[in-house]
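For reference, the chains in residue letters:
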Amino acid sequence: MFAKGLTLILLAAPFLASAAPAELEARQNIDTSSHCGQWDVVTAGQYSLLLDQWGKDGATSGSQCAHLASLSGSTVSWATNWTWTGGTGVKSFTNIQLNQGINKQLSAISSMPTTWKWSQSTSGSIVADVAYDLFTSNTAGGSNVNEIMIWLANFNAGPISFQYGSDGKPVPVASSISLAGHTWNLYSGSNGANNVFSFLPTSGTITSFSGDLKAFFTYLTQNEGVSSSQYLVTAQAGTEPTSGSATLTTSAYSLAIN
Ligand SMILES: *[C@@H]1O[C@H](CO)[C@@H](O)[C@H](O)[C@H]1NC(C)=O
């Protein structure tokens, strides 16, 4: 009797022991410390947090920090706080980058499901955007040919554009495009290095976005001459501040390339 009981306990033990780690597994162990260096990178699972303060020398003063908060399955949360003064240019593109599934030809991508829930607190007036930033190239890992931005918010900033109206505002190349459950105006221009296509919401700010980013590429291949043989080489999402002070908190972000 005693021996049989012990066997049962021993058999049961591995099941009891595995219950707790299985739950812990969902939330991965990651570096959640604050990083403030110009080019700091923090990698967690399939994502990297990139400080990418490429324009900071254009500021008279300021700084920016960021940290990852959690990674559960494919959902990452992170935050960045920044203060920038001076200069009219963008100071940084602190972003979360997807490292998995890139370098595929657009024609080979069936879907790019994404969710992005965020909030922002600001002090005073700011100039910034909150946007996806995607790059395509002629070859896998090659230099950028097209930049596709999908803005979820425009805080007194503006997209790159070939055309401006007499009021100084950029003129869209296409208006009121319905994609991924929202309505967008599309701007086209060049940053000197590559073409830039920017989708901006026709009104308001989208703080909870869920959709398939492949739809934006399909629109560009069908209407703007982007070749479906282009390779998607970079997939990032973050904020481009020019001036002011803000904290952007992403409570949930996920992106996959299928
Ligand atoms: C951002 O937050 C970090 C950590 O709390 C802090 O050390 C840093 O001074 C903050 N930076 C800005 C620009 O607000």
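You'll find the structure just up there.
Residues numbered from 1 in each chain as written. Predicted model: local features only at pLDDT ≥ 70, side-chain atom pairs only at ≥ 80, totals over all residues.

What follows deals with the overall build of the protein. The helix and strand inventory of the protein stands at 2 helices and 14 strands. Projected onto its principal axes, the C-alpha coordinates of the protein cover approximately 95 × 45 × 35 Å. Taking all 258 residues of the protein together, 34% fall into the buried category. (Helix = DSSP H or I, 4+ residues; strand = E, 2+ residues; numbered from the N terminus. Buried ≥ 20, exposed ≤ 12 C-beta atoms within 10 Å, placed from the backbone.)

Here the focus is the site of the ligand. Taken together, Ser34, Ser63, Gln64, Cys65, Asn81, Trp82 and Thr83 are the residues near the ligand. For the shell around the ligand, the secondary structure elements donating two or more residues are strand E3 (61–72) and strand E4 (75–85). When grouped by side-chain class, the residues that make up the shell around the ligand number 2 nonpolar, 5 polar and no charged. (Near = placed C-beta within 6 Å. Nonpolar A, V, L, I, M, F, W, Y, C, P; charged D, E, K, R; others polar.)

Tracing the chain through its elements places lysine 104 in strand E6 (residues 104–105). The spacing of lysine 104 and serine 208 is 104 residues in sequence and 27 Å in space, taken between C-alpha atoms. Ignoring anything within four residues of it in the chain, the contact list for lysine 104 reads Ile109, Tyr231, Leu232 and Ile257. (Contact = placed C-beta atoms within 7 Å.)

Our next topic: the pairing of strand E11 (residues 182–190). The sheet contact formed by strand E10 (residues 174–179) and E11 spans 4 bridges and is antiparallel. Bridging across to E11, isoleucine 177 finds its partner in tryptophan 184. Connecting E10 to the antiparallel partner E11 that follows it, the hairpin turn spans 2 residues, and alanine 180 within it adopts a positive phi of roughly 55°. The pairing of E11 with strand E12 (residues 195–201) spans 7 bridges and is classified as antiparallel. Its bridge partner lying in E12, glycine 189 is registered against valine 196. The loop that links E11 with its antiparallel partner E12 comprises 4 residues; one of these, glycine 192, has a positive phi angle of about 95°. (Pairing = 2+ DSSP bridges.)

The residue glutamine 105 is located in strand E6 in this model. When the C-alpha positions of glutamine 105 and threonine 136 are compared, they lie 8.7 Å apart, and in sequence the two are 31 residues distant. Setting aside anything within four residues of it in sequence, one finds glutamine 105 in contact with Ser229, Gln230 and Tyr231.

Before going further, it helps to examine helix H2 (residues 214–223). Within the sequence span of H2, burial applies to Phe216, Phe217, Tyr219 and Leu220. The arc enclosing the buried residues of H2, seen along the axis, measures out at 155°, which places them on a common side. Residues of H2 that are buried in the fold lie against strand E9 (144–155), E10 and E12. Taken from the residues just after H2, glycine 225 is the one with a positive phi, measuring 75°. (Arc of directions from axis to C-beta.)

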